[in-house]
Amino acid sequence: MEAYRVEITIGFVAVYMSFCILVGVWAMRRTRNSSDFFVAGRGLGPVVVALAVFSSTLSGFGFVGGPGLVYSAGMSSMWMVAVSSIGYALGFFLISKRIRMIAGVRNSLSLPDVVAARYDSEWARGLTALTILLGVMGYLATQILAMALVLQSILSATTFFADVSLVSCVVMSLGVLIFYSVTGGIVASEYTDHVQGTNMMLAGLLILITAASVFDGGLLQVSQTILADDAEAAMPFGTMGMVTCIGWAFVFGLGLSGQPHLITKMMMNRKISDNRLIFPLSLIGYAFAALLWLSVGVVMRAAVVGGDISPLDASDAAAPVFLAIFAHPILAGVVFSALFAAIMSTSDAFLNIGTAAVVHDIPRMLRGHSLNNELFWARVVTVLITLVAASFALYSYYENARLVALLGAFGWSTFAAAIVPLVVIGLNWKRATARAAVTAVVSSLLINFAVEIFSMELPYGVSGGFLAIITSLSLFVLVSMFDRRKPMLAADIDRIMDL
Amino acid sequence: MRLIHVVLFVLLLIAGLIGWILVSPEPPMSTGGPHPEISGMSVGGDGLARVERIFWLGFVLQVLFVILIHLLVALGVASHNRTAAFWMSLAGAGLVSLWVCWKIFSSYAQFLETGETGYFLGFPIASAWMMFGIWLSGALLAVIYVVGFRRFVFTVEDEAAFELLEAQARRTSRPTPPLPPEQTA
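The rules behind the values
- Residues numbered from 1 in each chain as written.
- Chains lettered and ligands numbered in written order.
- Predicted model: local features only at pLDDT ≥ 70, side-chain atom pairs only at ≥ 80, totals over all residues.
- Heavy atoms only, no water.
- Helix = DSSP H or I, 4+ residues; strand = E, 2+ residues; numbered from the N terminus.
- Buried < 20%, exposed > 50% of the residue type's maximum accessible area, 1.4 Å probe, protein only.
- Contact = heavy atoms within 4.5 Å.
- Areas by Shrake-Rupley, 256 points an atom, 1.4 Å probe, with all protein chains shown as cover.
- Lys, Arg positive; Asp, Glu negative; His and termini not counted.
- Charge placed at Lys NZ, Arg CZ, Asp CG, Glu CD.
- Salt bridge = Lys/Arg side-chain N within 4 Å of Asp/Glu carboxyl O.
- Polar contact = N/O pair within 3.5 Å; in protein donor to acceptor, adjacent residues only side chain to side chain.
- Nonpolar A, V, L, I, M, F, W, Y, C, P; charged D, E, K, R; others polar.
- Core = buried A, V, L, I, M, F, W, Y, C linked by side-chain atoms within 4.5 Å.
- Expected span 1.5 Å × (residues − 1).
- Phe/Tyr/Trp six-rings, centres within 6.5 Å; stacked < 30°, edge-to-face > 60°.
- Axes fitted to C-alpha atoms, helices over the stretch in contact; angles between N-to-C directions.
- Parallel < 35°, antiparallel > 145°, perpendicular 65-115°, else oblique.
- Left-handed = near helix turned anticlockwise from the far one by under 90°.

What should I look at first to understand the overall build of chain A in this one?
Along its length, chain A carries 22 helices and zero strands. Each of the three principal axes of chain A carries a C-alpha extent, and together these read 65 × 50 × 45 Å. In chain A, which comprises 499 residues, the proportion classed as buried is 67%. Across chain A, every contact between residues at least 6 apart in sequence was considered, and the portion connecting residues at least 24 apart equals 83%. When the accessible surface of chain A is split by element, carbon and sulfur atoms take 66% of a total near 15400 Å². Here chain A contributes 27 positively and 27 negatively charged side chains, and the mean placements of these two sets differ by 18 Å.

Help me understand the overall build of chain B in this model?
The number of helices and strands found in chain B is eight helices and four strands. Starting at the N terminus and ending at the C terminus, chain B contains elements arranged as α-β-β-α-α-α-β-β-α-α-α-α. Along the first, second and third principal axes, the C-alpha set of chain B runs to 70 × 45 × 35 Å. By residue count, 49% of the 185 residues in chain B fall in the buried class. For chain B, restricting intrachain contacts to residue pairs at least 6 apart in sequence, the fraction spanning at least 24 positions comes to 61%.

Is there a simple way to explain the interface of chain A and chain B in this structure?
In many reports, interface size means the accessible area that the parts give up when they come together. Facing 101 residues of chain A, the contacting portion of chain B comprises 91 residues. At the surface where chain A touches chain B, the tally comes to one salt bridge. The closest approach of N and O atoms between Glu 232 of chain A and Arg 50 of chain B, which form a salt bridge, is 2.9 Å. Applying the counting rule to chain A against chain B returns 19 residue pairs in polar contact (both at pLDDT 80 or more). Of the residues that constitute the side of chain A that touches chain B, the class distribution is 60 nonpolar, 25 polar and 16 charged.

Just checking my understanding: could you explain the pattern of salt bridges for this structure?
A side chain with one charge may pair with a side chain of the opposite charge, provided their charged atoms come close. Under the defined criterion, the tally for this structure stands at 10 salt bridges over all chains. Measuring nitrogen to oxygen at the nearest pair gives 2.7 Å for the salt bridge that ties Asp 492 of chain A to Arg 106 of chain A. With Asp 492 of chain A in helix α22 (residues 491-498) and Arg 106 of chain A in helix α6 (residues 84-106), the pair connects residues that are 386 residues apart, well separated along the chain. Considered together, Asp 492 of chain A and Arg 106 of chain A belong to a single accessibility category, that of buried residues. A salt bridge links Glu 159 of chain B to Arg 150 of chain B; the nearest nitrogen and oxygen atoms lie 2.9 Å apart. On the accessibility criterion, Glu 159 of chain B (17% relative accessible area) is buried. Residues joined by salt bridges that share partners form a network here, namely Asp 113, Glu 122, Arg 125, Asp 361 and Arg 364 of chain A.

What am I meant to see in the environment of Leu 256 of chain A here?
All names here are of chain A. Within the element layout of this structure, Leu 256 appears in the loop between α12 (242-254) and α13 (260-263). Taking the C-alpha atoms as reference points, Leu 256 and Val 83, separated by 173 residues in sequence, lie 9.2 Å from one another. Residue contacts for Leu 256: discarding those within four places in its chain leaves Thr 57, Ser 84, Gly 87, Tyr 88, Val 251, Leu 262 and Trp 412.

Teacher, can you tell me more about the nonpolar core here?
As a rule of thumb, soluble globular proteins bury nonpolar side chains together. Ranked by size, the top nonpolar core spans 250 residues in total, and within it Phe 250 and Ile 425 of chain A together with Leu 72 of chain B carry the most contacts. Of the residues forming this core, the biggest block, 19 residues, is contributed by helix α16 (residues 329-367) of chain A. Residues within four places of Leu 72 of chain B in sequence aside, it is in contact with Leu 90, Leu 94, Leu 254, Val 424 and Ile 425 of chain A together with Val 7 of chain B.

Honestly, helix α1 (residues 3-23) of chain B in this entry has me stumped. Any pointers?
Helical periodicity: at 3.6 residues per turn, an α-helix aligns residues three or four positions apart in one direction. With 21 residues, α1 of chain B should reach 30 Å at 1.5 Å per residue; the first-to-last C-alpha distance of 31 Å fits that figure. Buried within α1 of chain B are the following residues: Leu 3, Ile 4, Val 7, Leu 8, Val 10, Leu 11, Ile 14, Leu 17, Ile 18 and Ile 21 of chain B. Of the surrounding elements, those touching the buried residues of α1 of chain B are α12, α19 (412-425) and α21 (464-482) of chain A together with α3 (55-76) and α4 (84-114) of chain B.

Please explain the packing of aromatic side chains as it appears in this structure.
Within the structure shown, the criterion is met by 30 aromatic pairs over all chains. Ring centres of Phe 237 of chain A and Tyr 108 of chain B lie 5.3 Å apart, and the angle between their planes is 70°; on these two criteria the pair is classed as edge-to-face. Here Phe 237 of chain A, found in the loop between α11 (231-234) and α12, pairs with Tyr 108 of chain B, found in helix α4, and the two come from separate chains. Accessibility expressed as a relative area gives 1% for Tyr 108 of chain B, which makes it buried. When the centroid spacing of 5.7 Å and the interplanar angle of 85° are considered together, the rings of Trp 56 of chain B and Phe 59 of chain B count as edge-to-face. Taken together, the residues span about one helical turn, with Trp 56 of chain B and Phe 59 of chain B both in helix α3 at a distance of three residues. When its relative accessible area of 54% is taken as the criterion, Trp 56 of chain B is described as exposed. With relative accessibility at 14%, the residue Phe 59 of chain B sits in the buried group.

What is the right way to read helix α7 (residues 111-119) of chain A from this model?
With nine of its nine residues buried, α7 of chain A lies for the most part within the structure. Of the positions making up α7 of chain A, those classed as buried are Leu 111, Pro 112, Asp 113, Val 114, Val 115, Ala 116, Ala 117, Arg 118 and Tyr 119 of chain A.

What's the story with the side chain of His 261 of chain A in this structure? I'm lost.
All names here are of chain A. Inspection of the secondary structure assignment puts His 261 in helix α13. Residue His 261 is classed as buried on the basis of its relative accessible area, which comes to 3%. When residues no more than four places from it in sequence are discounted, the contact partners of His 261 are Ser 56, Ala 349, Phe 350 and Ile 353.

I keep staring at the packing of α19 of chain A against α21 of chain A and nothing clicks. Help me out?
When two helices pack together, their arrangement is captured by the angle between the axes and the distance separating the axes. Residue and element names in this part refer to chain A. Axis separation between α19 and α21 bottoms out at 8 Å; the angle between their running directions is 25°. One finds that α19 runs roughly parallel with respect to α21. Of the two elements, α19 crosses α21, and the hand of that crossing is right-handed. For the pair formed by α19 and α21, the contact residues are Ser 413, Ala 416, Ala 417, Val 420, Pro 421, Leu 422 and Ile 425 on the first element and Gly 465, Ala 468, Ile 469, Ser 472, Leu 473, Phe 476 and Val 477 on the second. Its residues placed into classes, the contact of α19 with α21 shows 11 nonpolar, three polar and no charged.

Here it is, written out as structure tokens:
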């Protein structure tokens, strides 16, 4: 079977991509209007939503970048994983109930719709939509690039595709992504999340078992090998240090509940009482899938510092090299298809919220109503956003690596800093005002952008995202308190905030 | 003092601590450096030297993080549902989280002093507390959510009130977005 490793991997990936296309065709028949396209008609069951929540949290970064970070910096990045349970708790306690209530009562299709309803402010809607669009571009570009690079690494191992170019791989990846996202919208995404989520959990568990058997002494020997080389790498703050890690606890713990692609899923469930099941299922799913992040990273670091294998060319190669050397060919196929599943699921979720921002929210801010024939324009804009993001990805790869990094700075930490105050506090405190919401979004954009543009390196690894989230939260509360214009809540919103 | 004032107080304390950390003299390798032999890999070097000035600041920052999270969770529960049982459950979860926080830092400090560590499930004790303990802190909140769902989060009365609101919205067509043509057709 070892002789057919490449063929098996390609087979798994091909089966998965064909499955996505079939689901896209099936979902197209169930997507009759923009509500179906953006929020699946708010009719999803608890298991589908739970799988969607965790699988869109764990993007390609969790499968490629995460193990790479553990390989290069030891335990530091495990803070991102460990605090995710706290992030889910905040999301479910503070957002899931009221966002679903507002969506139900106001027929909201997007997060900016909810923000506009809560603050009765088109400015708050527009700024939220703009933040989402900027973040989506950066995120999506990195996802497309990751998908193309992994596809290239798989195909180039065959004789037929030995010289396949990155552009060709981008085109192939986009073909499936566009077809899947355009035809099925969020309905396709939610139903493939069944398979994607299961696949990711299975991959995480099997990889842990594989990783524990690489060394005779199991994970204990792995830790001891890392500790002997550099003790700090095996200790709780890794090589990146205490303040960096605690900063990540804030940005990822608090910030998880500000990720628009994730909290939009909380608008899609049929019944609010399903949250009682969705929360623990999401948590368990994420825990299984995240095992890959930890186990691959530590084993690869131990194998390299122990001299068992050669150093990697790039830290992001940790997962692919692990699969090539230590995993059974079938397991490698499962994990590669899980990786594509993670990327596809997250990309589709980003495309969905980015498209909603363009065809629904920004026109409503500018013209007072969304575009006519919203479903048609949603499909057109989905294609356009994908093509623009792919262009960014290729330009960044060949010409200017900082472009995607710059847009990426508008990713997780900007979503966290800009959106957390608006929803985590704003949906639970009646005194929060529209002026405070605008202040929070603008301050978070300014801080994140300034730190990235001027390449500022703050002492002890304090990150721009950490500064931005504490600043925006503090300003949000302070401005609301001192704003002389008291918020005038609509009767339905006022009642919802009492419940 | 209202809950939001306490949240603001904690946020301002955190901002003050970040300011303190930013002006503290920074030792070499505070955020690691390149591995001497393996390119693409970093090392932390002398742990004691790099946390000497900020160890307690880091600990207090982590404690404030735990307090902030639990205050926010309380904010997320409607005031009429914040019963004594809710506060007791939340306080219990908070104390466990603070204990986890103490164990992470005390186990790490012990290692820095002695150079020796025990292991749990294959990981050094301090790292195991970080990974499993912090995860457990969130899982405890999940238990409160699931077990107390009908008592604190979404009571039967809340559900009835929401259904009434939704029915009213359907009847009176509250300001909903204009229907796209494919819906009106």
